[in-house]
Amino acid sequence: MSSAQGGPGPAAVDAIGVLVVDDDFRVARVHRAYVERLDVFRVVGVAGSGEEAIAAVDRLRPDLVLLDLYLPDLFGLDVIPRLRTAGHDCDVMVISAAREADAVRGAVRQGVVDYLLKPFEFEDLRGRLERYAVQRGRMLDTVVRGQADVDRVLAGAAVPASPVLPKGMSAETAGLIERTLREADGSLSATECAGLTGVSRVSARRYLEYFHTLGSVEVSLRYGATGRPERRYRFLGAAGGGRGGGLRSGEQTRV
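Residues numbered from 1 in each chain as written. Predicted model: local features only at pLDDT ≥ 70, side-chain atom pairs only at ≥ 80, totals over all residues. Heavy atoms only, no water.

**Quick look at the overall build of the protein chain**
Then step 1. Across its full length, the protein chain carries nine helices and ten strands.
Then step 2. Residue pairs in contact within the protein chain that sit at least 24 positions apart in sequence constitute 62% of those at least 6 positions apart.
Then step 3. For the protein chain, the exposed surface amounts to about 13,300 Å²; the carbon and sulfur share of it is 52%. (Helix = DSSP H or I, 4+ residues; strand = E, 2+ residues; numbered from the N terminus. Contact = heavy atoms within 4.5 Å. Areas by Shrake-Rupley, 256 points an atom, 1.4 Å probe, with all protein chains shown as cover.)

**A word on the packing of helix α2 (residues 50-60) against helix α3 (residues 76-85)**
Then step 1. Running from N to C, α2 and α3 point in directions that differ by 30°, and their axes come no closer than 10 Å. One way to sum up the angle between α2 and α3 is to call them roughly parallel. The chirality of how α2 crosses α3 is right-handed. Packed against α2, whose contacting residues are Gly50, Glu51, Ile54 and Val57, the element α3 presents Val79, Arg82 and Leu83 at the interface.
Then step 2. Residues that form the contact of α2 with α3 fall into these classes: four nonpolar, one polar and two charged. (Axes fitted to C-alpha atoms, helices over the stretch in contact; angles between N-to-C directions. Parallel < 35°, antiparallel > 145°, perpendicular 65-115°, else oblique. Left-handed = near helix turned anticlockwise from the far one by under 90°. Nonpolar A, V, L, I, M, F, W, Y, C, P; charged D, E, K, R; others polar.)

**Remarks on empty space enclosed by the protein**
Then step 1. One pass over the full model with this rule turns up one cavity of 30 Å³ or more.
Then step 2. Space inside the largest cavity adds up to approximately 30 Å³.
Then step 3. Of all the secondary-structure elements, those providing two or more residues to the lining of the largest cavity are α5 (122-141) and α9 (201-214).
Then step 4. With four residues, the single largest contributor to the lining of the largest cavity is α5. (1 Å grid on protein atoms, 1.4 Å probe; cavity = no way out; pocket = protein on both sides within 12 Å on 5 of 7 lines; lining within 4 Å. Points joined across faces, edges and corners; volume = space filled by probe spheres on them.)

**Re the pairing of strand β5 (residues 91-96)**
Then step 1. Of all six residues making up β5, five are buried, and the element is well covered by its neighbours.
Then step 2. Pairing of strand β4 (residues 64-67) with β5, which is carried by four bridges, proceeds in the parallel orientation. Counterpart to Leu66 in the pairing with β5 is Met93.
Then step 3. Crossover connection from β4 via α3 to parallel β5: handedness right-handed.
Then step 4. Two strands pair when backbone bridges link them, and β5 and strand β6 (residues 114-117) are joined in this way by four bridges, in the parallel orientation. Bridge pairing links Ile95 to Leu116 in β6.
Then step 5. Between the parallel pair β5 and β6, the chain is carried across by helix α4 (residues 101-109), and the sense of this crossover is right-handed. (Buried < 20%, exposed > 50% of the residue type's maximum accessible area, 1.4 Å probe, protein only. Pairing = 2+ DSSP bridges. Right-handed = clockwise from strand over helix to strand, strands pointing away.)

Set out below in structure tokens:
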């Protein structure tokens, strides 16, 4: 990719501007399409190398950079300190196939807001972007009156002042999905959850994936004779928690 590509025309003032950075133009195109499916986000540009990314941030001033690590000229994590030295305070979400522990630790030290492994589906990215939007809004709106306010900001979604669901979700449906998962004997697919709750399969999956991003639901893959593996969901409890019980027959790969 020879140069950073600009985004669409004028957008809503409160939209979150995103720069997509990936050396594979086909992958970048997919990531761009994913982001543009979310109303609150807009892609302001695409870059195919570290130097292009630095120049694009300087010119386009995005709020969030979706950063690949394996770039042709720079390792992705080396881009971040150069952005900070130049005075840019944009957030960075790593999207990479890098599974090395050193890469993950380095990303954490650089202050990335999230780390998503390739390959992934739209729902995986959507959940993280929606969570980021909620956390960003909380950061911008916070008024620090005391330690509790500071703790709430630092903890992010772990201890929100009150539950904040992504746009289009309702607390009633979220509660229904959660209760259904809690009471299930093992895991459920989105289709099974939809049948038990009466909501559409698409809606059920969206809520299930949202709970997965929060860490309260575990996802496993069940492989059949043909076709894509079925994603199954099991309730864990509070984010980061766990509960005993094995996988049902056929569930062998955890995500």
